[in-house]
Amino acid sequence: EPEVTQTPSHQVTQMGQEVILRCVPISNHLYFYWYRQILGQKVEFLVSFYNNEISEKSEIFDDQFSVERPDGSNFTLKIRSTKLEDSAMYFCASSEGQVYGYTFGSGTRLTVV
Amino acid sequence: KNEVEQSPQNLTAQEGEFITINCSYSVGISALHWLQQHPGGGIVSLFMLSSGKKKHGRLIATINIQEKHSSLHITASHPRDSAVYICAVSYTGNQFYFGTGTSLTVIP
């Protein structure tokens, strides 16, 4: 069964450093998403991406965040200057279309120290 | 606008029991997801529905648009069903709003 692959599974970074979280969506999917889940809290939408541009973003997705699909297969989330409160599990998801279900990756646990 | 309420928050059941998890939302939606999150953190999409009922194996999801309510049923529950079940809704576009989840433990 096709999978969404996320790397790394766990990343520890110093406050103020830049991090890039990587995702390889399912190859024929057209919509890509990033979500985050702070420990003990609910999952939160960050951003959706379609046709090489952001289609929707939440209030959380401020100027510190950016997304890119650099080579037609990877989908990356960059946090420019990490803060302690960015520590969370980050999930990538992809979908064939808006009326279809999502496939989630297994997540990247980001710890900012 | 983005209130998604799930009940119960925690549920313990004996193996074989029929389980119901409920989700209510506050305004009209375009779609509703049921998701399963395992103890390791991974999320699996179970159903996406906008009307009626869907069934997959022992899982059944229903939605009542007029009552703004959805239920997830598990028949003949098994310990491997133990997980957090999350309801998420979208109103327009791609942004989903998530409930806090229902933690299910099925005891052998």
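Shown above is the structure to which this text applies.
Residues numbered from 1 in each chain as written. Chains lettered and ligands numbered in written order. Predicted model: local features only at pLDDT ≥ 70, side-chain atom pairs only at ≥ 80, totals over all residues. Heavy atoms only, no water.

*Asks:* When you look at the packing of aromatic side chains in this model, what are you seeing that I'm missing?
*Replies:* The geometry of two aromatic rings is summed up by the distance between their centres and the angle between their planes. Under the defined criterion, the tally for this structure stands at 14 aromatic pairs over all chains. Summarising the aromatic geometry, the rings of Tyr35 of chain A and Phe45 of chain A are spaced 5.8 Å apart at their centres and angled 70° between planes, so their arrangement reads as edge-to-face. Within this pair, whereas Tyr35 of chain A is found in strand 4 (residues 31-37), its partner Phe45 of chain A is found in strand 5 (residues 43-50), the two being separated by ten residues in sequence. Of the two residues examined, Tyr35 of chain A and Phe45 of chain A, each falls in the buried class. The interplanar angle of 55° and the centroid separation of 5.4 Å between the aromatic rings of Tyr91 of chain B and Tyr97 of chain B together place this pair among those described as tilted. Classification of Tyr91 of chain B as buried rests on a relative accessible area of 7%. On the accessibility criterion, Tyr97 of chain B (21% relative accessible area) is partly exposed. (Phe/Tyr/Trp six-rings, centres within 6.5 Å; stacked < 30°, edge-to-face > 60°. Helix = DSSP H or I, 4+ residues; strand = E, 2+ residues; numbered from the N terminus. Buried < 20%, exposed > 50% of the residue type's maximum accessible area, 1.4 Å probe, protein only.)

*Asks:* Which parts of the structure should I look at to understand the side chain of Thr102 of chain B?
*Replies:* All names here are of chain B. In this structure, Thr102 sits in strand 11 (residues 102-107). Polar side-chain contacts of Thr102 include one of 3.3 Å to the side chain of Gln6. Sequence-distant contacts of Thr102, defined by excluding residues within four places in its chain, comprise Gln6, Ser7, Pro8, Gln9, Leu11, Ile21, Ala83, Val84 and Tyr85. (Polar contact = N/O pair within 3.5 Å; in protein donor to acceptor, adjacent residues only side chain to side chain. Contact = heavy atoms within 4.5 Å.)

*Asks:* Would you explain the side chain of Ser58 of chain A in this entry?
*Replies:* Tracing the backbone shows Ser58 of chain A in the loop between strand 6 (53-57) and strand 7 (65-68). Exposure remark for Ser58 of chain A: the relative accessible area of 10% places this residue in the buried category. At a separation of 2.7 Å, a polar atom in the side chain of Ser58 of chain A contacts the main-chain carbonyl oxygen of Phe45 of chain A. Discounting residues that sit within four places of it in the chain, Ser58 of chain A has contacts with Phe45 and Leu46 of chain A together with Gln95 of chain B.

*Asks:* Whenever I open this one, the layout of surface pockets confuses me. Can you help?
*Replies:* The method is simple in principle: a probe with the dimensions of a water molecule rolls over the atoms, and the space it marks as empty is what remains. When its volume is computed, the largest pocket comes out at roughly 870 Å³. Only strand 10 (103-104) of chain A together with strand 5 (43-49) and strand 6 (52-56) of chain B provide two or more residues apiece to the lining of the largest pocket. Counting residues per element, the lining of the largest pocket draws most heavily on strand 5 of chain B, which supplies seven residues. Residue composition of the lining of the largest pocket, by class: 17 nonpolar, 15 polar and four charged. In this structure, the second largest pocket is lined by 20 residues; those nearest its centre are Gln37, Gly40 and Gln41 of chain A together with Gln37 and Val84 of chain B. Taken together, the elements giving at least two residues each to the lining of the second largest pocket come down to strand 9 (88-95) of chain A together with strand 9 (83-90) of chain B. Partitioned by chemical class, the residues of the lining of the second largest pocket number eight nonpolar, ten polar and two charged. (1 Å grid on protein atoms, 1.4 Å probe; cavity = no way out; pocket = protein on both sides within 12 Å on 5 of 7 lines; lining within 4 Å. Points joined across faces, edges and corners; volume = space filled by probe spheres on them. Nonpolar A, V, L, I, M, F, W, Y, C, P; charged D, E, K, R; others polar.)

Interpretation in functional terms is not warranted from these geometric data alone.
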